[in-house]
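Fold and contact review
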Amino acid sequence: MADVPRDDGTRFAHRLWVARESGIVVALALLLLVTVLHNPAFASPQSLRDLLLGAAILVVLAVGQTVVVVSRNIDLSVGAVLGLSAFATGTLLSSAPGTPTALVALVGLGLGALCGVVNGVLVAAARVPALVITLGTLHVFRGVDHRWAGGRQVNAADMPRDFLRLGTSTVLGVPVLAIVAVVVVVVVGYCLRSYRGGRELYAIGSEPAAARLAGIPVGRRVFTAFVVCGALAGLAGVLYAARFGTVDATAGTGIELQVVAAAVVGGVAIFGGSGSVYGAALGALLLTTIGSSLAVLRIDPFWQQAVVGALILAAIGIDRLLALRAADRLRGRSSHGA
Amino acid sequence: MAPETEGPGTEGPGTTDPRTEGPGTGRRDVLRSVVARWDVLLLVVLAAVSVAAGVLVDGFASGRNSQFLLLDVVAVALIALPLTLVVITGEIDLSVAGTLGLCSAVMGHLWVAGLPLEVVVVLTVLLGAVLGAVNAVFVTGFGLPSLAVTIGTLAAYRGLAFVVLGDQAVADFPAGWTGAASSTVAGGVVPWAVVVTLLLAVVFGVVLHATPFGRSLYAMGDNAEAATFAGLRVARAKSWLFVVSGAVSGLAGVYWTLRFASARADNAAGLELAVVAAVLLGGVSIFGGRGTLLGVLAGVLLLGVVRNALQLADVAADTLDVVTGGLLIASVVVPNAVGLGRARWRRRRRRTA
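Residues numbered from 1 in each chain as written. Chains lettered and ligands numbered in written order. Predicted model: local features only at pLDDT ≥ 70, side-chain atom pairs only at ≥ 80, totals over all residues. Heavy atoms only, no water.

**What to know about the interface of chain B and chain A**
Facing 47 residues of chain B, the contacting portion of chain A comprises 42 residues. Roughly 4100 Å² is buried in total at the junction of chain B and chain A, and carbon and sulfur atoms are behind 78% of that figure. Our count for the chain B to chain A interface comes out at zero salt bridges. The interface formed by chain B and chain A contains one residue pair in polar contact (both at pLDDT 80 or more). Breaking the side of chain B that touches chain A down by element, the ones donating at least two residues are α6 (146-165), α12 (271-281) and α14 (317-352) of chain B. Broken down by element, the side of chain B that touches chain A gets its largest block of residues, 14 residues, from α6 of chain B. (Contact = heavy atoms within 4.5 Å. Buried area = accessible area lost by both parts, 1.4 Å probe. Salt bridge = Lys/Arg side-chain N within 4 Å of Asp/Glu carboxyl O. Polar contact = N/O pair within 3.5 Å; in protein donor to acceptor, adjacent residues only side chain to side chain. Helix = DSSP H or I, 4+ residues; strand = E, 2+ residues; numbered from the N terminus.)

Below, the structure written as structure tokens:
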């Protein structure tokens, strides 16, 4: 580590960034390696496709969550938004089977964005902590979903074949849902890293008071972050409907903590200011892979959640360690270290 | 999350909203304290809603119903007690429902293994304390954010519960014990469990509001750094709170298991959100430093009464969700709006004067 240029802040930050994501990549690679050694069939194209398919929805949700979390907020309502949008998608398609898929996706996206607007207005305008607000809207959105759906469910048989094929079809061997997820990751990742509004979210997350003094429109940026997160949760709802075909009011129940977990494992600091959507996406991929690996390794599937919990603790622990070392180095004490 | 620098809490004592004002500001007539104190206001609302439900909803006022209502809120009320103290210090414990689930699963496992139930209960509560201690080590020992840590341990504990018990249920607890969980005292209306909860509430209330330790918790929540400089042992206090939170969650696990005569790994899944909602509705600031135990108990009961009354009135379960969420949002938005409005009004008056 002696070659770290101390005067070059951006290169140093880049190294740290690389360190964070590479940790997850290593963990993911190790997990895949062990699993494949145990059962070579795990590396078959079909099983890798299943893996990507399973991760796609969580990835899209985790990307949206990251946008909110870097601004030192949180959105617990994403699971309910997914449920609402999935049911809307199913209802729309079963009542008007001819609707073009793009329009369906837009409706889901728009509905999610609308939920995001509700969250954003409450958080940004009323100056109320996001944790409390989205805990409230989680119940409200889910209640609306239940009320709308009642006990009904939309079955795969009611949905047009074309739309359902979206959930299983592939392009050059890659599932369409995974491609959608990758596009989301790249687009949002680019905007967050390279656009002014995106950079400002990091500034807000690091120190809201300073960001305000620097003239950043904090309220507007946070509002936008919630709308983006809601829209992506809405898109995730459309993907959910396409993948599972059968949708009732309970779709996505409890997924919010999994989404936050994916972001946290991916190195997104829960108190804002750091992390990337790439990390969050990798975190989501890792969480999904654990599930399938445990099954292949013939480990009791009941261990899955316990492993996920341990992973979250390890991730935030390592993140803390890296931050401490970075602070140490910035203070110019690196000569005492390795 | 998302601390806002211009939040009403930082605008000085004269302009704060009702729910953020602490207890014991003194020299107030009753009427003013009703309007200005969130916990008292909440009690008034609770009384009004209860009376209205008693008049409007058939069967709400019956002894049997109030008994069920009280039994239903016991688990949330129990866990909310230590959680109130935790949140007042500016931390949070989301792992409570995971702790409850793991304790319930272990309780079933130990009972099947043939230990006497007295021993099982003691061990279960101790296990809860140990699980709380794990949180304490991560939060105060390693200095990690409690929100992230307890999301992690929530998953870990729930997962371990499934590892211990799988998807099976242990149901063959002795009838004497399961009956005790819902048995009543004093004329057959007040359940024993409620008496125990109230006793614990008094203990927590005295500790929080009448001891130097309790008052120091507010200081830690306001500004942990300043509290440290003032000589308060912040890490030690927070560690104890996490341990107690775990132990009480374990106790709630025992209660839950006996009440439903079923030890299951998925017992009380998702209860963490309900407890947090009750605590925040009760007027405890998520940033720490503000809130009273009376307010939290009123919040727990208010949510319980509203749900129960709506259920009796045949309002569909889905509406309950909307009402719960709406109450929670209103409880933070309305006082803030009132506080901001009042501050603006004062500023304008000052300008024209």
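The structure having been displayed, the exposition proceeds.
**Describing the packing of helix α5 (residues 117-141) of chain B against α6 of chain B**
Residues and elements named next belong to chain B. Put simply, α5 and α6 touch, their axes get as near as 10 Å, and they point 145 degrees apart. Note that α5 runs across α6; the crossing there is right-handed. Only Ser146, Val149, Thr150, Thr153 and Tyr157 of α6 make contact with α5, whose side of the interface consists of Leu131, Val134, Asn135, Phe138 and Val139. Looking at the contact of α5 with α6, its residues break down into six nonpolar, four polar and no charged. (Axes fitted to C-alpha atoms, helices over the stretch in contact; angles between N-to-C directions. Left-handed = near helix turned anticlockwise from the far one by under 90°. Nonpolar A, V, L, I, M, F, W, Y, C, P; charged D, E, K, R; others polar.)

**With respect to unusual backbone geometry**
Residues and elements named next belong to chain A. Phi angles above zero are rare outside glycine, and Arg72 is one such case at about 65 degrees. By the element assignment, Arg72 lies in the loop between α2 (45-69) and α3 (78-95). Here Arg72 falls in the buried class, since its relative accessible area comes to 18%. Unusually for a residue other than glycine, Arg298 sits at a positive phi of about 55 degrees. Assignment of secondary structure puts Arg298 in the loop between α12 (277-296) and α13 (303-330). The exposure class of Arg298 is exposed, given its relative accessible area of 74%. (Buried < 20%, exposed > 50% of the residue type's maximum accessible area, 1.4 Å probe, protein only.)

**Description of the nonpolar core**
Membership of the largest hydrophobic core comes to 199 residues, with the highest contact counts inside it found for Leu61 of chain A together with Leu271 of chain B. Looking at which element gives the most residues to this core, the answer is helix α3 (residues 63-88) of chain B, with 16 residues. For Leu61 of chain A, the residues in contact, after removing those within four places along its chain, are Val78, Leu82, Ala233, Ala236, Ile255 and Val259 of chain A. (Core = buried A, V, L, I, M, F, W, Y, C linked by side-chain atoms within 4.5 Å.)

**Looking at the side chain of Ser249 of chain B**
Residues and elements named next belong to chain B. Looking at the secondary structure, you find Ser249 in helix α11 (residues 234-259). At 2.8 Å, the side chain of Ser249 forms a polar contact with the backbone oxygen of Ser245. In this structure Ser249 touches Ile79, Val96, Thr99 and Leu100, once residues within four positions along its chain are discounted.

**Let's talk about a nonpolar patch on the surface**
A cluster of nonpolar side chains, namely Leu52, Val171, Leu172, Val174, Ile179, Val183 and Val187 of chain A, defines an oily patch on the protein surface of about 600 Å² accessible area. Along the chain, Val183 of chain A turns up in helix α7 (residues 176-194). (Patch = residues over 30% accessible without salt bridge, like charges linked within 9 Å, V, L, I, M, F, W, Y side chains within 5 Å. Areas by Shrake-Rupley, 256 points an atom, 1.4 Å probe, with all protein chains shown as cover.)

**Things to note about helix α8 (residues 192-210) of chain B**
All names here are of chain B. Taking 1.5 Å per residue as the helical rise, α8 with its 19 residues ought to reach 27 Å, and the 26 Å between its terminal C-alpha atoms agrees with that figure. Every buried residue of α8 is listed here: Ala193, Val194, Thr197, Ala201, Phe204, Gly205 and Leu208. Each buried residue of α8 sits inside an arc of 110 degrees when the element is viewed along its axis, so together they form one side. Set apart from the buried face of α8 by more than 90 degrees, the exposed residues are Leu199, Val202 and Ala210. Residues of α8 that are buried sit in contact with α3, α7 (175-182), β3 (190-191), α9 (212-222), α11 and α13 (293-312). (Expected span 1.5 Å × (residues − 1). Arc of directions from axis to C-beta.)

**Considering the pattern of salt bridges**
When the charged atoms of two side chains lie near each other, side chains of opposite charge can form a pair. This structure, assessed with the given rule, holds six salt bridges over all chains. Where Arg259 of chain B meets Asp72 of chain B, a salt bridge forms, and the shortest distance between an N and an O atom there is 3.0 Å. A residue pair is termed long-range when its members are at least 10 positions apart, and Arg259 of chain B in helix α11 and Asp72 of chain B in helix α3 qualify at 187 residues. Classification of Arg259 of chain B as buried rests on a relative accessible area of 18%. Glu91 of chain B is paired through a salt bridge with Lys238 of chain B; the nearest N and O atoms lie 2.9 Å apart. Of the two residues, Glu91 of chain B sits in the loop between α3 and α4 (96-112) while Lys238 of chain B sits in helix α11, which places them 147 residues apart along the sequence. Of the two residues, Glu91 of chain B and Lys238 of chain B, neither departs from the other in class, the shared state being buried. Residues joined in a network through salt bridges with shared partners are Arg196, Glu200 and Arg221 of chain A.

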